[in-house]
Amino acid sequence: MLANTTMKRSEVIAEIKQLERIAPRAGWVEATRAILMSEIRRQGRPEMVEVFSPAVPVEGMHFWSFIRGLAGQPVVGFVTALALVVTSGLTVNAAFYSLPGEPLYRVKIFFERTQLIMVSDSTKKVELKVEFARNRVKELEKLVSQMRVGETPTAAVSQAVSHFTQEVASVRLELPRLPAGNRAMFNIAVSVDQASRELAEKVQAASFSTTTPAISQAVRQALATADVTSQAALEAAVVVPKFSTTSQPLAANEVNVYLREKIVRLRALAQQLAGVKNGSESTRLQSSIVSIEADLTAAENHITVGNLSAGLAKISSAKAKIDALKMDKKNLSVTPDAKPVEGGALPSQERATSTTAPVGGPTLPAGPAETNSQDPQSGSGPALETTQNILPQ
Amino acid sequence: MNRRTSKKLIERLQLGDAEAFSEVYNQYIAKIYRYVLFKVRTREEAEDISAEVFLRAWQNVRNRQRPVQSLNAFLYQIAKNLVIDHYRQRAQITDVAVEEIADQVQGVQQQRLFQKIEQSMEIGRVERAVRGLKDEYKDVVLLRHVEGLSINEIAQVTGKTRGAVRVTLHRALKIIRDQLTSGTPDVSQHDHETQ
């Protein structure tokens, strides 16, 4: 321990230089070198198997079972398995099937990042990220299928959800770099929206235990982030005049149809939310519904005359009001026979009976969760939504 | 690594020499990891970002129109940018400003992370002092006195002028000295002084 005297500059620097002793794990250094060299050499030989080719699923599964049998502690298992698969050249197939929490999962993520870095085209990069987001949804589905009924979801589930969030957030970061108003941007918007709805479906279908505030928080973030990303992509897709009906009728029609479908779903959701029993609140709610309907009607009118940007703005406005309405409804009861019409909610205590995909794009869930502390670490924790199932029937 | 060796290594990298990449990796992996570790929350994040630094370096060095002048500056710049991207991505998720996230990171999670390092090594006080610095001060101190970069190279990495780097370094060292000699580090007070 240093005496309480003024130190010379040279003494301070000598102390700081001690930080050179901080070093990475030797096992990680070796494993990473192996992966990097393998990838670099692979690039020099295009005839090698492309990354994530599912062309040899059987071989991959057999090999993965072998590796899983060898893995012990997560860190040791990771390094051991990695050394084996890299030397055997079967890294790609083995990692492809891994799930969060498994030793090779980080290899899988690393290879996804490698793909991104090696792709120079911005649009392709974004499309890859959307594909990776969908990979996370598939992983979530597999994890859920391995859970027993009523079992509390593991950290791996939370990891899959938060990785999904990171992927769609990074899509949004890339959007400004893409050429605005092109078909690819529109496809990205639709894909992100679809991925988000799939995530909501999987979570809803899983009927997780209600005592999982961490999962609730993660899912809320995921859906909100995806919503913002999809919206941003759509706004960029419709901003350019060449989307007018006179110059590119096919593209404009596609956007028209998509936006009109969105309006239909939002209208149905608003009408569902209007079904309240509590008379003292009904006036305020009805007034909100009227305002939402005005926005949606204005959106339809804008779209009809080809003003897609304005139409999208009105849709956003309606959606924000619907989200606010759902927040307000947390203290209100719902008619027992209310049918779910919108996707993207937190899992409720009731198992979803819907067999169709969520519509209208996921919205932020409201309900009892929001009356409690927003802090997922709080003791009581936010309860999952119980006021309504929100998958369509 | 002297300048001539570094220059030859850069030339080989630009020609796509995989063995040159391996040499660069061996020379720099611990340095890059250490630099990134002071800027993120967990060891896993530091590992992932560090690995990506080398992948990007391999990609970028061969696609640049102007040749790389300094391998040091080149690699640390990539590392710095990847850390910023990492926080920017997190900001997209939580709607918190990037700077706020960086400040939060200097809080609880890093304390936990570095407690583990402290337990195995007797560098706790100086490590705490450096960790508690503002990001721009931390950069300059680490790059100069731990990783051994020149003032010129640090200026390239940080985007500051050489004069600004010197001033920042002087201030950072003063803060660290005060903390090491006072025995009761008061990071918040120092943060106010430096603003």
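The structure displayed is predicted, hence computed values, not measured ones.

**Looking at the overall build of chain B**
Thinking step 1. From N to C terminus, chain B includes eleven helices and zero strands.
Thinking step 2. The secondary structure elements of chain B, listed N-terminal to C-terminal, are α-α-α-α-α-α-α-α-α-α-α.
Thinking step 3. Expressed as a percentage of the 195 residues in chain B, the buried residues total 53%.
Thinking step 4. Across chain B, the fraction of contacts at a sequence separation of at least 24, relative to all contacts at a separation of at least 6, is 62%.
Thinking step 5. Carbon and sulfur atoms form 43% of the exposed surface of chain B, whose accessible area is close to 9,300 Å².

**Observations concerning the packing of helix α7 (residues 124-131) of chain B against helix α10 (residues 162-182) of chain B**
Packed helices, taken two at a time, are described by their axes: the angle between them and the distance between them.
All names here are of chain B.
Thinking step 1. At a minimum axis separation of 9 Å, α7 and α10 run at an interaxial angle of 140°. Judged by the inter-axis angle, α7 sits oblique to α10. Seen from above, α7 lies across α10 with right-handed handedness. Between α7 and α10, the residues in contact are Arg 125, Val 126, Ala 129 and Val 130 and Ile 176, Gln 179, Leu 180 and Thr 181, respectively.

**Brief notes about the confidence of the model for chain B**
All names here are of chain B.
Thinking step 1. On average, residues of chain B score 81 in pLDDT, and 77% of them reach the 70 mark or higher.
Thinking step 2. Scored below 50 in pLDDT, residues 95-101 shows ten contacts in the model against residues more than four places distant or in partner chains.
Thinking step 3. Predicted confidence is poor over residues 184-195, with pLDDT under 50, and the contacts of this stretch with residues over four places away or in other chains come to eleven contacts.

**Comments concerning the interface of chain A and chain B**
Thinking step 1. Listed as interface residues are 43 residues of chain A and, on the opposing side, 52 residues of chain B.
Thinking step 2. For the pair chain A and chain B, the summed buried area comes to about 4,500 Å², and 67% of that belongs to carbon and sulfur atoms.
Thinking step 3. Together, A:Leu19, A:Ile22 and A:Ile117 form the three largest contributors to the area buried by chain A at its contact with chain B, with a combined 15%.
Thinking step 4. One can count two salt bridges joining chain A with chain B.
Thinking step 5. Here A:Arg25 makes a salt bridge to B:Glu47, at a shortest N to O gap of 2.7 Å.
Thinking step 6. Counting across the interface, chain A meets chain B through eight residue pairs in polar contact (both at pLDDT 80 or more).
Thinking step 7. Of all the secondary-structure elements, those providing two or more residues to the side of chain A that touches chain B are α1 (9-17), α2 (26-43), α6 (105-118), α8 (155-174) and α10 (213-238) of chain A.
Thinking step 8. With nine residues, α2(A) is the largest single contributor of residues to the side of chain A that touches chain B.

**Concerning the pattern of salt bridges**
Thinking step 1. Counted according to the given criterion, the structure contains 29 salt bridges over all chains.
Thinking step 2. Put simply, A:Glu198 and A:Arg134 hold a salt bridge, and the shortest N to O gap is 2.8 Å. With A:Glu198 in helix α9 (residues 183-206) and A:Arg134 in helix α7 (residues 122-146), the pair connects residues that are 64 residues apart, well separated along the chain.
Thinking step 3. Residue A:Arg134 is classed as partly exposed on the basis of its relative accessible area of 23%.
Thinking step 4. For B:Glu136, the salt bridge identified is with B:Lys160, shortest N-O distance 2.8 Å. With B:Glu136 in helix α8 (residues 135-146) and B:Lys160 in the loop between α9 (151-158) and α10, the pair connects residues that are 24 residues apart, well separated along the chain.
Thinking step 5. The exposure class of B:Lys160 is partly exposed, given its relative accessible area of 24%.
Thinking step 6. One network of salt bridges, in which partners are shared, links A:Lys108, A:Glu112, A:Arg136, A:Glu139 and A:Glu167.

**Quick notes on the packing of α8(A) against α9(A)**
All names here are of chain A.
Thinking step 1. Remark: α8 packs on α9, axes separated minimally by 12 Å, with the N-to-C direction vectors making an angle of 165°. For the element pair α8 / α9, the angle class is roughly antiparallel. Relative to α9, α8 is oriented so that their crossing is left-handed. Contacts from Val 161, Phe 164, Val 168 and Val 171 in α8 reach Ile 188, Val 192, Ala 195, Ser 196 and Leu 199 in α9.
Thinking step 2. Considered class by class, the residues forming the contact of α8 with α9 number eight nonpolar, one polar and no charged.

**So, the packing of aromatic side chains**
Thinking step 1. Per the counting criterion, the structure on display carries five aromatic pairs over all chains.
Thinking step 2. Here the aromatic rings of A:Trp28 and B:Tyr33 are separated by 5.8 Å at their centres, their planes lie at 45°, and the arrangement is tilted. One end of the pair, A:Trp28, is in helix α2; the other, B:Tyr33, is in helix α2 (residues 18-37), on a second chain.
Thinking step 3. Given the relative accessible area of 3%, B:Tyr33 is considered buried.

**A few points about the confidence of the model for chain A**
Residue and element names in this part refer to chain A.
Thinking step 1. For chain A, per-residue confidence averages 69 on the pLDDT scale, and 61% of positions sit at 70 or higher.
Thinking step 2. When mean pLDDT is taken per element in chain A, α1 scores highest with 92 and helix α3 (residues 57-70) scores lowest with 39.
Thinking step 3. Taken together, the stretch residues 46-81 has pLDDT below 50 and engages in 48 contacts with residues farther than four places along the chain or on a different chain.
Thinking step 4. Below pLDDT 50 for its whole length, residues 243-250 participates in 14 contacts with residues either more than four positions away or in separate chains.

Reading the values: the criteria
Residues numbered from 1 in each chain as written. Chains lettered and ligands numbered in written order. Predicted model: local features only at pLDDT ≥ 70, side-chain atom pairs only at ≥ 80, totals over all residues. Heavy atoms only, no water. Helix = DSSP H or I, 4+ residues; strand = E, 2+ residues; numbered from the N terminus. Buried < 20%, exposed > 50% of the residue type's maximum accessible area, 1.4 Å probe, protein only. Contact = heavy atoms within 4.5 Å. Areas by Shrake-Rupley, 256 points an atom, 1.4 Å probe, with all protein chains shown as cover. Axes fitted to C-alpha atoms, helices over the stretch in contact; angles between N-to-C directions. Parallel < 35°, antiparallel > 145°, perpendicular 65-115°, else oblique. Left-handed = near helix turned anticlockwise from the far one by under 90°. pLDDT = per-residue confidence, 0-100. Buried area = accessible area lost by both parts, 1.4 Å probe. Salt bridge = Lys/Arg side-chain N within 4 Å of Asp/Glu carboxyl O. Polar contact = N/O pair within 3.5 Å; in protein donor to acceptor, adjacent residues only side chain to side chain. Nonpolar A, V, L, I, M, F, W, Y, C, P; charged D, E, K, R; others polar. Phe/Tyr/Trp six-rings, centres within 6.5 Å; stacked < 30°, edge-to-face > 60°.

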